[in-house]
Amino acid sequence: MFWRTTLSLLREKELSEHTTEFLNNMTHEFKTPLTNIALASKMIIKEQDNQEACLPELKRRQDKIKHYSGIILKENEKLKLQVEQVLSMSALERGEIPFQRTELDLHELINESLKGISVQIENRHGNIKLNLDAEKVMIIGDKTHLSNALCNLIDNAIKYSPKAPEISIKTNNIDQKIIVTIEDKGIGIEREYQKKVFDKFFRVPTGDVHDVKGFGLGLAYIKKIVELHEG
């Protein structure tokens, strides 16, 4: 009875710590884009207040307004994605998101997923090496969620590479199964934390430094999607 009570208390303590860390991360994640949105909006208003200007000056102001508007749209999209990730994870656990299963070519899905993330690779002067050697590539699955899972993994490979990202994506068949392997040369994860990386809200401790953004939901989401596809 004593050990059961102690174990229960330890679990509650761990859950409380994860929840607190998640809330801290969420506050930090939302605070930055909200600050940027507010700042960009103020700059647009300031530019609009200066009505009289010669043509070169007017062109310069128009360029500034376009730049600040771009910041607002970009930061707004970040907020939208963060909120959707939190809501999607909760809904998936409650079984409220129906899967729309269709026949998919996994190689096509990988290539499509890379199109949306290639800009990040280019900005970091990195490269992705593809070895798509699987011959049996047709699967039945939900295109949106599988694409999100792939993008999450590639995004992690980019974020946790301190230098120019070097990412390798491989596929091969074992019996009737298709194996997808995504490798990078990033900072890695210490052995003591490797078993916890699929826990919701868990992030490898880095003290008070928030160099890499996130809620600790990415890998938990990926694991859930893979399990729902019987992977």
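Residues numbered from 1 in each chain as written. Predicted model: local features only at pLDDT ≥ 70, side-chain atom pairs only at ≥ 80, totals over all residues. Heavy atoms only, no water.

## Quick look at the overall build of the protein
Spelled out, the test is: Here a strand is any run of E in DSSP of at least two residues, a helix any run of H or I of at least four, and the numbering for each starts at the N terminus. Here the term buried applies to any residue with accessible area under 20% of the maximum for its type, exposed to any over 50%, and partly exposed to those in between, with areas from a 1.4 Å probe on protein chains only. Any two residues whose heavy atoms approach within 4.5 Å at even a single point are treated as in contact. We get accessible surface area from the Shrake-Rupley algorithm with a probe of 1.4 Å; when it comes to residues, only the shown protein chains can shield them.
Across its full length, the protein carries five helices and five strands. Tracing the protein from N to C terminus, the helices and strands come up as α-α-β-α-β-β-α-β-β-α. Burial statistics for the protein: of 231 residues in total, 28% are counted as buried. A fraction of 72% describes how many contacts in the protein between residues 6 or more apart in sequence connect residues 24 or more apart. With an accessible surface of roughly 16,000 Å², the protein has 55% of that area assigned to carbon and sulfur atoms.

## Some points on the environment of Met138
Tracing the sequence through the fold places Met138 in strand S3 (residues 138-142). In this structure the C-alpha to C-alpha distance between Met138 and Asp105, which are 33 residues apart in sequence, comes to 4.7 Å.

## Points about the sheet that holds strand S2 (residues 127-132)
Rules: Any two strands with at least two DSSP-identified bridges between them are counted as paired. Fitting a line to C-alpha atoms yields each axis, with helices limited to the stretch in contact; the angle taken between N-to-C directions then spans 0 to 180 degrees.
Pairing is mixed across the open sheet formed by three strands, whose spatial order is S2-S4-S5. In the strand order of this sheet, the two ends are held by S2 and strand S5 (177-183), each with one partner. Strand-to-strand, the axes of this sheet are offset by a mean angle of 10°, without reference to chain direction. Looking at chain direction, strand S4 (residues 166-174) and S5 are connected through seven bridges and run antiparallel.

## Focus on the nonpolar core
One broad trend across soluble globular proteins is that nonpolar side chains are buried collectively. Going by this rule: The nonpolar core is taken to be a set of buried Ala, Val, Leu, Ile, Met, Phe, Trp, Tyr and Cys residues, with the residues joined through side-chain atoms within 4.5 Å.
By size, the foremost hydrophobic cluster in this structure holds 18 residues, and its most contacted members are Ile110, Leu114, Ile154, Ile158, Ile167 and Ile169. Broken down by secondary-structure element, the contributors of at least two residues to this core are helix H3 (106-123), helix H4 (143-159), S4 and helix H5 (218-228). Ile158 has contacts with Ile117, Gln120, Ile121, Arg124, Pro165 and Ile167, leaving out every residue within four places of it along the chain.

## Quick word on the side chain of Ser147
Mapped onto the fold, Ser147 is located in helix H4. Note on Ser147: relative accessible area 18%, which makes it buried.

## Digging into the confidence of the model for the protein
Spelled out, the test is: Summary of the metric used: pLDDT quantifies the predictor's per-residue confidence within the range 0 to 100.
Here the protein shows a mean pLDDT of 77. Residues at 70 or above account for 65%. Within the protein, the element-level pLDDT minimum falls on helix H1 (residues 2-49), averaging 64, and the maximum on S4, averaging 95.

## Side note on the pattern of salt bridges
Where charged atoms from two side chains of opposite charge come close, those side chains can pair. Rule in force here: Within this document, salt bridges are pairs made up of a side-chain nitrogen of Lys or Arg and a carboxyl oxygen of Asp or Glu, the two lying within 4 Å of each other.
Overall, the coordinates contain five salt bridges when judged by the stated rule. Two residues, Asp155 and Lys159, come together in a salt bridge whose shortest N-O distance is 3.7 Å. Remark: Lys159 and Asp155 occur in helix H4; sequence separation between them is four residues, near one turn of the helix. Of the residues examined, Lys159 reaches a relative accessible area of 31% and is grouped as partly exposed. Residue Glu227 pairs with Lys223 through a salt bridge whose shortest N-O separation is 2.6 Å. Separated by four residues within a single helix, Glu227 and Lys223 lie in helix H5, roughly one turn from each other.

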